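# Breakdown of the fold
These are the residues of each chain, in order.
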Amino acid sequence: MRAAVYYGKEQPLVIEEVSKPDIGPLDLLLKVSRCGICGSDVHFAQEQGVAPGTVFGHEFSGVIEQLGSSAVGDFKVGDSVIALGGIPCGECPACLNQAFAQCQSIGLIGCDVNFAGAYSEYVRVSSLASLKVPESVDMSDAAVVEPLAVGLNAWRKVAPQAGADVLILGAGPIGLAMVKWARFFGAANVVLSEMVPSRMERARQAGADLVLDAKQEKNPVEAMVRETGRSPTVIFECVGRPMLQHLFDIAPHQSHLCLLGACMKSESINISTATLKDLSLTIPLGYGVEEFAFILDLLAREKMDTQPLISDEISLNQVPEIFEALKQPNDHCKVIIDLT
Ligand SMILES: [Zn+2]
Ligand SMILES: [Zn+2]
């Protein structure tokens, strides 16, 4: 089968023939339909965060080609499914509790050379962590359930009150997902700060009440208060650059900060600047089967959509070129690889 393979930060991904993944008793082999390119894939590539030979891709939809001998669930060959971005051990207390994100032995699909991702014609997933895609849900939308679930999990962890005043920093796919969840859960005021004009426009389309130009407004909290008369009770950081100290400096008293950018660079911070404001801080990881099921149901009932997250649909052959482009400032949002 063909896959886009990572060989190091100095070189583009290489499209080549690799062997189809072997599956274990609890696994499913999927023929990949669509796979999203995630910002974290690009970060991992740039920071040499994964071993040469890794195949990225943890945001995917596919069709069951083969079932493991002990696969659980109501699955058969030909079913359309999505799966969590990991292969849980299935035996630890977390797994028995379906809290797969807490499994200490989970194999992360697309971030580990031993668990090839879905920039590829086939991908191995676990039946424990797979869900059927309802017929009415488009397979590209199904591949975007993963980033929506990252946002949903963060929203639930922070648990803002209905009518909250929300500030979101960054309008990449996760920032846009936060706009959509803030709207969905009844935030009164949704303000987003972003510096790329095309992304600012997407934030408006996603439903932000006000989009601040981050190039002009260095203190988005001040700008939000000036423009709306309200200060944020919650700030979602969806940028991925070192900015925690900046957040401590600008955050209103007793506000809640949520870091979603998964920044891989270090910064020094002065904790007392946060203590004196009595801030709360949440740094969430992942999502569960429940978030996936909730979102699939909303998509099927047209209570949630993926617009305007998807910017491009490309072929596997185009992946190396687009992946390089994503390393630079760009106008792309969620790029979806069509493997059908
Ligand atoms: Zn992702
Ligand atoms: Zn486990």
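Turning our attention to unusual backbone geometry. Look at the link from Q307 to P308: it is a cis peptide, with omega at 5 degrees. When you line up the elements, P308 lands in the loop between α10 (289-300) and β16 (310-314). Located in the positive-phi region is Q254, a residue other than glycine, with phi close to 60 degrees. If you trace the backbone, Q254 turns up in the loop between α8 (244-250) and β14 (256-259). You can call Q254 exposed: its relative accessible area is 55%. At A262, a residue that is not glycine, the phi angle is positive and equals roughly 45 degrees. Counting through the fold element by element, A262 comes out in the loop between β14 and α9 (271-275).

Attention now goes to the pattern of salt bridges. Think of it this way: side chains of opposite charge can pair up when their charged atoms draw near. Applying the stated criterion to the full structure yields 18 salt bridges. Between R230 and D165 there is a salt bridge; the shortest N-O distance is 2.9 Å. Of the two residues, R230 is situated in the loop between α7 (220-228) and β13 (234-237) and D165 in strand β10 (residues 165-169); the sequence distance between them amounts to 65 residues. On the basis of relative accessible area, D165 is assigned to the buried category, the value being 5%. Across the pair E227 and R226 runs a salt bridge whose closest N-O atoms are separated by 3.1 Å. Take E227: its relative accessible area is 46%, and that puts it in the partly exposed class. Each of D74, K76, D79 and K132 takes part in a single network of salt bridges with overlapping partners.

When a metal carries six donors in an octahedron, the ideal angles between them are 90 or 180 degrees, while four donors in a tetrahedron ideally lie at 109.5 degrees. With distances of 2.3 Å, the protein atoms coordinating the zinc ion (ligand 2) are C89 (SG), C92 (SG), C95 (SG) and C103 (SG). Metal-centred angles of 103 to 117 degrees between the 4 donor atoms at the zinc ion (ligand 2) mark the site as tetrahedral. Within one chain, the residues serving as donors to the zinc ion (ligand 2) are arranged as C-x2-C-x2-C-x7-C. Remark: C103 occurs in the loop between α2 (93-96) and β7 (107-108) and C92 occurs in the loop between β6 (86-87) and α2; sequence separation between them is 11 residues.

This part takes up the coordination of the zinc ion (ligand 1). Protein coordination at the zinc ion (ligand 1): the donors are C38 (SG), H58 (NE2) and E59 (OE), at 2.1 to 2.4 Å from the metal. Here the donor residues for the zinc ion (ligand 1) map to a single chain with the spacing C-x19-H-E. One exposure class covers both H58 and E59, and it is buried.

Packing of helix α4 (residues 145-158) against α10 brings their axes to within 9 Å, and their N-to-C directions diverge by 115 degrees. Here α10 runs roughly perpendicular to α4, going by the angle between their axes. Both α4 and α10 take part in a crossing whose hand is right-handed. Residues V145, E146, L148, A149, L152, N153 and R156 of α4 lie in contact with α10, whose contacting residues are E290, E291, F292, F294, I295, L296 and L299. Within the contact of α4 with α10, the residues separate by chemical class into 9 nonpolar, 1 polar and 4 charged.

Once that is clear, we can look at helix α6 (residues 197-206). Every buried residue belonging to α6 is among R199, M200, R202, A203 and A206, and all of these are buried. Mapping the buried residues of α6 onto a view down its axis gives an arc of 160 degrees, with all of them on the same face. Exposed residues lying more than 90 degrees from the buried face of α6 are P197 and Q205. Note on α6: the residue one or two positions beyond its end, G207, has a positive phi of about 120 degrees.

This next bit is on the sheet that holds strand β11 (residues 189-194). The strand order across the open sheet formed by 6 strands is β12-β11-β10-β13-β14-β15, and the pairing between neighbours is parallel. The sheet terminates laterally at β12 (210-213) and β15 (280-282), the two strands that pair on one side only. Neighbour-to-neighbour, the strand axes of this sheet turn through a mean angle of 20 degrees, independent of strand direction. When β10 meets β13, the two strands line up parallel, connected through 4 bridges. Along β13, the bridge assignment pairs V166 with V234.

Here the focus is the domain arrangement of the chain. Splitting the chain by domain gives domain 1 (2-144 + 309-338) and domain 2 (154-282). On a C-alpha basis, the centroid separation for the pair domain 1 and domain 2 is 29 Å. Carbon and sulfur atoms make up 61% of the area that domain 1 and domain 2 hide from each other, which totals about 980 Å². Two residues, E47 and K265, come together in a salt bridge whose shortest N-O distance is 3.8 Å. Counting the contacts that link domain 1 with domain 2 gives 2 residue pairs in polar contact (both at pLDDT 80 or more). Elements with a minimum of two residues in the side of domain 1 that touches domain 2: α1 (39-46) and β16. Its residues assigned to classes, the side of domain 1 that touches domain 2 comprises 4 nonpolar, 4 polar and 3 charged.

Reading the values: the criteria
- Residues numbered from 1 in each chain as written.
- Chains lettered and ligands numbered in written order.
- Predicted model: local features only at pLDDT ≥ 70, side-chain atom pairs only at ≥ 80, totals over all residues.
- Heavy atoms only, no water.
- Helix = DSSP H or I, 4+ residues; strand = E, 2+ residues; numbered from the N terminus.
- Buried < 20%, exposed > 50% of the residue type's maximum accessible area, 1.4 Å probe, protein only.
- Salt bridge = Lys/Arg side-chain N within 4 Å of Asp/Glu carboxyl O.
- Donors = N, O, S within 2.8 Å, 3.2 Å for Na, K, Ca; no water.
- Tetrahedral: all angles 85-135°; square planar, octahedral: opposite > 155°, others 65-115°.
- Axes fitted to C-alpha atoms, helices over the stretch in contact; angles between N-to-C directions.
- Parallel < 35°, antiparallel > 145°, perpendicular 65-115°, else oblique.
- Left-handed = near helix turned anticlockwise from the far one by under 90°.
- Contact = heavy atoms within 4.5 Å.
- Nonpolar A, V, L, I, M, F, W, Y, C, P; charged D, E, K, R; others polar.
- Arc of directions from axis to C-beta.
- Pairing = 2+ DSSP bridges.
- Domains from an automatic or database assignment.
- Buried area = accessible area lost by both parts, 1.4 Å probe.
- Polar contact = N/O pair within 3.5 Å; in protein donor to acceptor, adjacent residues only side chain to side chain.

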